[in-house]
Amino acid sequence: MKRRVVSLWFPSMSSELILRKKHYEGPFAVVAHIKNGNRLLCLSTMAEQRGLKRGMGLADARSFCPEIQTVEHNLQADVAFQNSLVRWAKRYCPWVGKSGIDGLYLDVAGSAHLFGGEDAMLHDMRARLIRSKLTVRIGLADTVGAAWALARFGEGCAEGGRTGQAISALPVASLRISAKEDTTLQRLGVKTIGQLANLPRATIGQRFGPSVLMRLDQALGDQSESISPEANPQTYSTRLTFPEPIGLAKDVMAGVERLLLRLCEKLTQDMMGVRVLSLICRRIDGADQQVELRLARALRDQQRILPLFKKGVDGIDAGFGIDQLRLVATQVEVLQVEQVAHSQTQYNSDGLHDLMTRLGNRIGLENIQRFLPAESHIPENSFIVSPAAWSESVGSWGNVNPRPIRLFPPEYVAARGHRPPNRFNWRAMSFTVGRIIGPERIAPEWWLEDENWRHGVRDYWKVETLEGHRLWMFHTPQNPNWFVQGVFA
Amino acid sequence: MLVRFSDVFPLKPSRYHEVTGAGAYGFASVCCGNTRNAVIWLSEGWMHEVVTPLGLQTHCDPHQILIGKCSNSTDVLAATEEALRSGVVSLVIAELTKPLSLTAGRRLQLAAEVGGSTGLMIVKDGMGSNATQTRWDVSPVYSSDDSTQMRWSLNKNKSGTNSSWDVRWDETARRIFVVPQHVQRTDIA
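Residues numbered from 1 in each chain as written. Chains lettered and ligands numbered in written order. Predicted model: local features only at pLDDT ≥ 70, side-chain atom pairs only at ≥ 80, totals over all residues. Heavy atoms only, no water.

Draft legend 1. How the structure looks around the sheet that holds strand E3 (residues 37–43) of chain A. Residue and element names in this part refer to chain A. What the 3 strands build is an open sheet, ordered E3-E2-E4; its pairing is mixed. Where the open sheet ends on each side, the last strands, each with one partner, are E3 and strand E4 (69–72). Within the sheet, the average angular offset between the axes of one strand and its neighbour, ignoring direction, is 40 degrees. With 6 bridges joining them, strand E2 (residues 28–34) and E3 adopt antiparallel strand pairing. Bridge assignment links Val31 to a residue of E3, and that residue is Leu40. Across the sheet, helix H1 (residues 13–21) is in contact with E2, E3 and E4; its angle to E2 comes to roughly 130 degrees. (Pairing = 2+ DSSP bridges. Helix = DSSP H or I, 4+ residues; strand = E, 2+ residues; numbered from the N terminus. Axes fitted to C-alpha atoms, helices over the stretch in contact; angles between N-to-C directions. Contact = heavy atoms within 4.5 Å.)

Next comes the structure, spelled out in structure tokens:
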């Protein structure tokens, strides 16, 4: 069967992507930093009407049109949008590839009749894209090169087997050749593809090298060119359908065990581990039940995951029965094969991770935390508390002066002077000071804005009282006051 | 027969214990230092008084501690029971804000027996449960020549009599030692 290729080109994808989400009154442009300057990358129609052009410097554009509104170019968003367009285009044919950063190729041979012929299909594409506020140019031809040329320079449809005639009047620039080759050809008086094709091949080859000839042959179909379709993202899900509905927790667990076996095989093949699993039980009355399991670390060991499901499965309301189980790994990450001993840190065992998972399903996995050292001499910033499931216990605790076990926001104490008072009241208790150790002066980190450190430097004292309490007090000499901030055991 | 310090400390494993008083956190920290395994420290998330690793490192390695922030007191008890029953951590510390009922205490005791781990509940004065193995009242004591002295009073003991000791932390040996009686006497005099 003859190949038929559709080329879609979205000339103002970057700006339309933004305009779809937010309305801008007046001219609008997307600006990117190109060649040491901010230049217009993509324009709205209103901006084009005002005489602005692509590639124009932003300063020039402002002088033409002072009210222009701009947004910085976001390449990642564009790529993501192009990917979603690829996914959308798979409704027309399974063979979809990307063309540059703002276009698509579709090999529609054999699928056009499903939409009522080529014309009806192109009409359908255009209607859907216009409805979603996208400008599109469409070319259809036998070859990738010709479809590209038609999309950008002619917008039309070349009938099967007549590609040569359809593109012969198009300019040579439509052959995807470099700007330099284009200029040279124009200087030589070769304006259209038809003229180029009529020249003796040997002379073109001598003058321009193989690239121009290759592009010409690709457009005319004398040389093959492939569309490389995007691979589908790998999904990890398995399902099990029963001939008869089941209702016992034991049966569901047996089903989960079978599903896990298959899922874990798949994960093992790809060296992946699962972080979040969800089990969806389809009930015969349509009320689906879902159990989510968040693991404390990536796993692909069936024996370890299965018992963790027990609690969730016990909570399922089976109603009149469950007739399908689906197990989906909603979050996976790369899990390399690990050496069993030595590589693990002292307090990291498999059992501990399982316990974290079980506790995490009750109190939230992010609420199980560990202490990590931080680079700061401010007492409350000298450590961080981070979720244990996503951090490793690394780093050493610096050797500092003794610090209190309990730390709290500073509590005011009525006292005067630069040395700790002999008697003071704190938390409705009165104290007599027995011994003081200090002072240790800590200055605020001026490079960080901290509300609590507005009073300037602090002189910390360890105050041991005759009543027994050992308090961590500080004095702020720049704004004389006394506070208690911590308790030693 | 009078109870000896070595009979009751380090805390008896496969049991749960209670501690009260101003020095309860220091006591918990010393208990962490007595084990080489991971420790889980459960508390309610709204508390603004935090335990600091820099303070804990006097007695133990802060890396061995996992913190669990629970939303309410019921969750603290449930998580404590789960952790004790699993047996993968050698010590489970929980900060309780409400009185511990006899049922709850008994359940913790059973969970600790199954898992073989030690439980330590930090409770407020008079809020403990009779199911506990031991209950300690810990308060720091002023001493003219040492700044780590504490009085550890054993208020309840299922397997012996009650007693009270003055103890100190030995920085070089990294362990608790009991101050000999005659030193105490001269101190007081």
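Draft legend 2. Region of interest: the side chain of Thr184 of chain A. Residue and element names in this part refer to chain A. For Thr184, the location among the structural elements is in helix H8 (residues 179–187). According to the relative accessible area criterion, Thr184 is buried, its value standing at 18%. Filtering out sequence-adjacent residues up to four positions away, Thr184 remains in contact with Arg207 and Phe208. (Buried < 20%, exposed > 50% of the residue type's maximum accessible area, 1.4 Å probe, protein only.)

Draft legend 3. How the structure looks around the nonpolar core. Formed by 39 residues in total, the largest nonpolar core has its most connected members in Phe9, Phe27, Trp41, Ile93, Leu120, Trp136 and Trp152 of chain B. Take this core: its biggest share by element is 7 residues, from helix H2 (residues 24–33) of chain B. (Core = buried A, V, L, I, M, F, W, Y, C linked by side-chain atoms within 4.5 Å.)

Draft legend 4. Region of interest: the environment of Val172 of chain A. Residue and element names in this part refer to chain A. Structurally, Val172 can be placed in the loop between helix H7 (163–167) and H8. The class of Val172 is buried, set by a relative accessible area of 0%. Between the alpha carbons of Val172 and Leu295 there is a distance of 59 Å; along the sequence they are 123 residues apart. Apart from residues no more than four positions distant in its own chain, Val172 is found in contact with Ile177, Asp182, Leu185, Val190, Lys191, Thr192, Ile193 and Leu196.

Draft legend 5. The arrangement of the layout of surface pockets in detail. Taken as a whole, the largest pocket spans an internal volume of roughly 620 Å³. Lining the largest pocket are 28 residues, with Arg406 and Arg427 of chain A together with Tyr25, Glu49 and Lys124 of chain B positioned closest to its centre. Residue assignment for the lining of the largest pocket shows that the elements contributing at least two residues are strand E14 (406–413) and strand E19 (482–488) of chain A together with H2 of chain B. Ranked by the residues each element gives to the lining of the largest pocket, the list is headed by H2 of chain B, at 3 residues. Residue composition of the lining of the largest pocket, by class: 15 nonpolar, 7 polar and 6 charged. Estimated volume of the second largest pocket: approximately 490 Å³. Lining the second largest pocket we find 21 residues, and of these Pro402 and Arg403 of chain A together with Gly55, Thr58 and Glu171 of chain B sit closest to its centre. (1 Å grid on protein atoms, 1.4 Å probe; cavity = no way out; pocket = protein on both sides within 12 Å on 5 of 7 lines; lining within 4 Å. Points joined across faces, edges and corners; volume = space filled by probe spheres on them. Nonpolar A, V, L, I, M, F, W, Y, C, P; charged D, E, K, R; others polar.)

Draft legend 6. Structural detail: empty space enclosed by the protein. Tallied over the full model, the rule gives 2 cavities of 30 Å³ or more. Of the voids in this model, the largest cavity is the one considered here, and its volume is about 40 Å³. Together, Pro379, Ser382, Phe383, Arg403, Pro404 and Leu407 of chain A together with Thr52 and Leu54 of chain B line the largest cavity. Residues of the lining of the largest cavity, tallied by class, amount to 5 nonpolar, 2 polar and 1 charged.

Structural measurements only, silent on function.
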